[in-house]
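As a plain string of letters, each chain reads:
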Amino acid sequence: MPSIDVCYSPELLHLYDLKGKAVVAVDILRATSTMVTAFAHGATDIFPVMKLEECQAYAAKGCLIAAERDGVKAEGFDLGNSPFAYMNGNVQGRTIAITTTNGTRAIHLSMEADEIIVGSFLNLQAVANHLQELQLDVLIVCAGWKGKFNLEDTLYAGALVERLQQAFSFENDATLASLYLYQTAKQDLVTFLRQSSHVRRLENLEIHKDIEFCLQHDKFGVLPVWQQDRLVDIGVREVKG
Ligand SMILES: O=C(O)[C@H](CS(=O)(=O)O)OP(=O)(O)O
Ligand SMILES: [Mg+2]
């Protein structure tokens with residue numbers, strides 16, 4: 001039986017051997033939720049990049065360029081990090097280059113894995129189904145915030161563990177803790193996260209609509225995976241609304 005484990009921060013990745021594993025990179029608020037939303041609305045591929053200048057250079061290649069710093073769209077970019085900015089037909093058939101504070105970094109630091117999958121509550125079951133087919137050991141990599149633990153990515157880890165617990169073994173405290181946290185909070189994730197650092201940090205930016213959106217389960221069947229130098233969607237292209 002393959003195993004499942006949770007890494008609470010990209011800064012802890014040096015403790016794990018990623019070879020032979022499938023990594024699920026997660027940044028619920030909001031980078032991976034936004035990437036999943038972009039694919040669900042027709043984006044063809046996504047380049048997650050670390051630096052603003054690197055991202056800007058993709059404009060010359062015909063890409064839409066997206067950047068978030070301090071929770072807001074960086075100046076001179078087409079898009080920020082709100083999923084709602086990707087829903088009005090503007091990303092249909094387009095390639096996107098994106099850089100955010102935490103999510104794109106988590107993806108880049110996971111490059112040694114055999115497979116990198118982008119997870120969010122929005123495509124929770126699509127990820128769970130894929131992992132059951134793959135039969136690789138799984139490491140859920142929480143993007144956290146600037147190297148620190150966060151609640152929202154841990155809740156997602158617990159939700160994925162709950163869906164996979166019959167088919168995967170887990171004998172580590174990180175996985176158990178994420179599962180227990182999710183089971184405590186799942187009746188009302190929005191209320192549970194009210195005191196979280198992300199909600200408090202970005203409260204003035206009025207992103208409550210984004211938070212409620214990103215906490216919806218199984219809205220999309222998309223399955224972004226890393227292929228060669230970019231993310232592509234190998235899931236079911238179905239927008240439920
Ligand atoms: O845009 C977001 O929601 C966050 C902003 S912050 O760094 O958590 O303040 O970025 P992300 O890379 O999606 O975590
Ligand atoms: Mg985040």
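Located above this text is the structure these notes cover.
Each value, and the rule that gives it
- Residues numbered from 1 in each chain as written.
- Chains lettered and ligands numbered in written order.
- Predicted model: local features only at pLDDT ≥ 70, side-chain atom pairs only at ≥ 80, totals over all residues.
- Heavy atoms only, no water.
- Helix = DSSP H or I, 4+ residues; strand = E, 2+ residues; numbered from the N terminus.
- Buried < 20%, exposed > 50% of the residue type's maximum accessible area, 1.4 Å probe, protein only.
- Contact = heavy atoms within 4.5 Å.
- Donors = N, O, S within 2.8 Å, 3.2 Å for Na, K, Ca; no water.
- Core = buried A, V, L, I, M, F, W, Y, C linked by side-chain atoms within 4.5 Å.
- Salt bridge = Lys/Arg side-chain N within 4 Å of Asp/Glu carboxyl O.
- 1 Å grid on protein atoms, 1.4 Å probe; cavity = no way out; pocket = protein on both sides within 12 Å on 5 of 7 lines; lining within 4 Å.
- Points joined across faces, edges and corners; volume = space filled by probe spheres on them.
- Nonpolar A, V, L, I, M, F, W, Y, C, P; charged D, E, K, R; others polar.
- Near = heavy atom within 4 Å.
- Polar contact = N/O pair within 3.5 Å; in protein donor to acceptor, adjacent residues only side chain to side chain.
- Areas by Shrake-Rupley, 256 points an atom, 1.4 Å probe, with all protein chains shown as cover.
- Sits in = over half its atoms within 2 Å of the grid points.

A. Structural detail: the side chain of Thr154. The residue Thr154 is located in helix H5 (residues 151-164) in this model. Of the residues examined, Thr154 reaches a relative accessible area of 1% and is grouped as buried. Not counting residues within four places of it along the chain, the set of residues in contact with Thr154 comprises Tyr8, Cys142, Phe149, Ser178 and Leu181.

B. Examining the coordination of the magnesium ion (ligand 2) more closely. Asp27 (OD) and Leu29 (O) make up the full set of protein donors to the magnesium ion (ligand 2), lying at 2.1 to 2.2 Å. Taking relative accessible area as the criterion, Asp27 reaches 2% and is therefore assigned buried.

C. Main features of the nonpolar core. Counting residues in hydrophobic clusters, the biggest one holds 40 residues, and the most contacted among them are Phe121, Leu131, Ile140, Tyr156 and Leu160. Ignoring any residue separated from it by four or fewer positions in sequence, one finds Phe121 in contact with Ile28, Glu152, Leu155, Tyr156, Ala159, Tyr182, Leu189, Cys214, Leu215, Gln216, His217 and Asp218.

D. Representation of the pattern of salt bridges. One pass over the full model with this rule turns up seven salt bridges. Of the charged contacts in the structure, one is a salt bridge between Glu11 and Arg105, with a shortest N-O distance of 2.7 Å. Placement of the pair is Glu11 in the loop between strand E1 (4-7) and strand E2 (21-26) and Arg105 in helix H3 (residues 103-108), with a sequence separation of 94 residues. Taking relative accessible area as the criterion, Glu11 reaches 37% and is therefore assigned partly exposed. Given a relative accessible area of 30%, Arg105 falls into the partly exposed group. A salt bridge links Arg163 to Asp218; its shortest N-O distance comes to 2.9 Å. Residue Arg163 is found in helix H5, and its partner Asp218 is found in the loop between helix H9 (208-214) and strand E9 (224-227); the two are separated by 55 residues along the sequence.

E. Fine view of the layout of surface pockets. Size it by volume and the largest pocket reaches roughly 210 Å³. Looking at the largest pocket, it is lined by 17 residues, and the ones nearest its centre are Glu68, Gly71, Thr101, Asn102 and Trp145. The residue inventory of the lining of the largest pocket, partitioned by class, reads four nonpolar, seven polar and six charged. Taken together, Arg30, Gly71, Val72, Lys73, Gly80, Asn81, Ser82, Ala85, Leu205, Glu206, Ile207 and Asp210 make up the full set of residues lining the second largest pocket. Residue composition of the lining of the second largest pocket, grouped by class: four nonpolar, four polar and four charged.

F. A look at the site of ligand 1. Of all residues adjacent to ligand 1, which total 14 residues, the nearest are Arg30, Asn81, Thr100, Asn102 and Arg201. In this structure, an oxygen atom belonging to ligand 1 sits 2.7 Å away from a side-chain N or O atom of Asn81. The protein chains hide 98% of the 360 Å² of surface that ligand 1 would expose on its own. Structurally, ligand 1 is housed in the largest pocket. Split by residue class, the shell around ligand 1 holds four nonpolar, six polar and four charged.

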